[in-house]
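# Close look at the chain arrangement
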Amino acid sequence: MRKPIIAGNWKMHKTLGEAEQFYADVQGEIPDPAKVETVICAPYPFLYRLAGLSEGKAPSVGAQNMHWEDAGAFTGEVSPVQLKDLGVNYAIIGHSERREYSNETDETVNLKLKAALGHGIIPIVCVGETLEEREEGRTEAKVSGQVKAAFVEVSRGEAEQTVIAYEPIWAIGTGKTATSEEAGAVCRTIRNTLGELYGGETAAKIRIQYGGSVKPDNIGELLAQPDIDGALVGGASLDPESFLRLAEVAADE
Ligand SMILES: O=C[C@H](O)COP(=O)(O)O
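These figures come from a predicted structure and were not determined experimentally.

Here we take up the UniProt feature "active site" (unreviewed entry) in the chain. When the UniProt feature table is mapped to this numbering, "active site" (unreviewed entry) covers His 95 and Glu 167. A maximum C-alpha distance of 8.5 Å among these annotated residues, which run over 73 residues, shows that they cluster at one spot. Turning to its location among the elements, His 95 is positioned in the loop between strand E4 (90–93) and helix H4 (96–101). Residues within four places of His 95 in sequence aside, it is in contact with Asn 9, Lys 11, Cys 126, Glu 167 and Ile 172.

Written out as structure tokens, the structure reads:
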């Protein structure tokens, strides 16, 4: 049984005061952590404060990116050692916005995935196709290729710790959601790819999220798909009530 995981990706939104207010609003209201894992992936400057507010209680705190080196001359970057030191236990890796705007490649995603696992940070690895790739019938090849590239030199035991987020790029922030059947089919492809890499038993343990215009009113049908185990949520994670509602629906699945 895979525990659902709802992760908010705040992207470049909120001030510190707004982030603190969000935590004040949701803490104590989050459903039983035994039923749903919740994470807020906040901008770097808020992580120390939010990890202090969280103190191990839900929602956990995650980063939206990280470097793969422990330390060094990498101006503007943040290392897994630094994240872990702050009490940050999750990191989004390879979000399509970073692949598009910040030179993230399959190779850097692989390096970051290995570094996160090496430091006990749960990586949320993002994969997904563009509209053009979908229209040309290349969705499965694209997503499967991204998964294979991300997991090069990752052991079976490490793979079990990861979370994969399937995010069709055309559905991010557009209000267009893949139908639950479309999303479920690609998540099944991802699980089959993991099965090719690690065998069915390991593939069955890895959690796969869907992301792209997820809202309280569509998360139920997405989670009803057998291979969808949670959501990576942008816009709808910014509002405390909406985030709580997403977590409640997931906890009831
Ligand atoms: O990481 C989150 C995704 O990019 C989805 O964003 P969205 O829920 O605003 O479409």
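Further notes follow.
It is worth spelling out the UniProt feature "binding site: substrate" (unreviewed entry) in the chain at this point. Under the feature "binding site: substrate" (unreviewed entry), the UniProt entry names Asn 9, Trp 10, Lys 11, Gly 173, Ser 213, Gly 234 and Gly 235. Spanning 227 residues, the annotated positions come together in the fold, the maximum distance between their C-alpha atoms being 13.9 Å. Residue position: Lys 11 is located in the loop between strand E1 (5–9) and helix H1 (16–26). With residues near it in sequence (within four places) discarded, Lys 11 still touches Cys 41, Pro 43, Gln 64, His 95, Glu 97, Ile 172 and Gly 234. On the secondary structure map, Gly 234 appears in the loop between strand E8 (230–233) and helix H12 (240–252). Setting aside its immediate chain neighbours within four residues, Gly 234 contacts Asn 9 and Lys 11.

Bringing the environment of Ile 164 into the picture now. Summarising the element assignment, Ile 164 is placed in strand E6 (residues 163–166). Residues Ile 164 and Val 233, spaced 69 residues apart in sequence, show a C-alpha to C-alpha distance of 13 Å. With residues near it in sequence (within four places) discarded, Ile 164 still touches Val 125, Val 127, Phe 151, Ile 190, Leu 194, Ile 206, Arg 207, Ile 208 and Gln 209.

Enumeration according to the criterion identifies 17 salt bridges in this entry. A salt bridge links Glu 153 to Lys 114, with the shortest nitrogen-to-oxygen separation between them at 2.7 Å. Placement of Glu 153 in the loop between helix H7 (139–150) and helix H8 (156–159) and of Lys 114 in helix H5 (residues 106–118) is noted, with a sequence separation of 39 residues between them. According to the relative accessible area criterion, Glu 153 is exposed, its value standing at 65%. Close ionic contact of Glu 133 with Lys 142 constitutes a salt bridge, the shortest N to O distance being 2.9 Å.

We now examine the sheet that holds E4. Ordered by their spatial adjacency, eight strands build a closed barrel running E1-E2-E3-E4-E5-E6-E7-E8, and the pairing between neighbours is parallel. Ignoring which end each strand starts from, the neighbouring axes of this sheet average 25 degrees apart. Along the sheet, H7 makes contact with strand E5 (122–127) and E6, crossing E5 at roughly 150 degrees.

Before going further, it helps to examine the nonpolar core. With 64 residues, the main nonpolar core has Ile 6, Phe 151, Ile 190, Leu 194 and Tyr 210 as its most contacted residues. Core analysis: the second largest hydrophobic core is formed by 11 residues, Val 39, Cys 41, Tyr 90 and Val 163 among them.

A separate point is the site of the ligand. For the ligand, the set of nearby residues contains 13 residues, the closest of which are Lys 11, His 95, Glu 167, Gly 173 and Ser 213. Note that an oxygen atom of the ligand is positioned 2.6 Å from one of the backbone N or O atoms of Gly 173. Gly 235 places a main-chain nitrogen or oxygen 2.9 Å from an oxygen atom of the ligand.

Scanning the model with the defined rule gives zero disulfides in all. In this structure Cys 41 is a free cysteine whose sulfur lies 8.9 Å from that of Cys 126, the closest cysteine sulfur available. Residue Cys 187 stays outside any disulfide, its sulfur separated by 12 Å from that of Cys 126, the closest cysteine.

This next bit is on the packing of H1 against H12. It is the contact of H1 with H12, at a shortest axis distance of 9 Å, that shows an interaxial angle of 45 degrees. Put simply, H1 runs oblique to H12. Of the two possible hands of crossing, H1 and H12 adopt the one that is right-handed. Across from Phe 22, Asp 25 and Val 26 in H1, the residues of H12 making contact are Pro 240, Phe 243 and Leu 244. For the contact of H1 with H12, the residue count by class is five nonpolar, no polar and one charged.

Here the chain averages 97 in pLDDT, and 100% of its residues register 70 or above. At the level of chain-chain contacts, confidence expressed as ipTM amounts to 0.99, with global pTM at 0.97.

About the cut-offs
- Residues numbered from 1 in each chain as written.
- Predicted model: local features only at pLDDT ≥ 70, side-chain atom pairs only at ≥ 80, totals over all residues.
- Heavy atoms only, no water.
- UniProt positions renumbered as here; feature names shortened; annotations may be inferred.
- Helix = DSSP H or I, 4+ residues; strand = E, 2+ residues; numbered from the N terminus.
- Contact = heavy atoms within 4.5 Å.
- Salt bridge = Lys/Arg side-chain N within 4 Å of Asp/Glu carboxyl O.
- Buried < 20%, exposed > 50% of the residue type's maximum accessible area, 1.4 Å probe, protein only.
- Pairing = 2+ DSSP bridges.
- Axes fitted to C-alpha atoms, helices over the stretch in contact; angles between N-to-C directions.
- Core = buried A, V, L, I, M, F, W, Y, C linked by side-chain atoms within 4.5 Å.
- Near = heavy atom within 4 Å.
- Polar contact = N/O pair within 3.5 Å; in protein donor to acceptor, adjacent residues only side chain to side chain.
- Disulfide = S-S within 2.5 Å.
- Parallel < 35°, antiparallel > 145°, perpendicular 65-115°, else oblique.
- Left-handed = near helix turned anticlockwise from the far one by under 90°.
- Nonpolar A, V, L, I, M, F, W, Y, C, P; charged D, E, K, R; others polar.
- pLDDT = per-residue confidence, 0-100.

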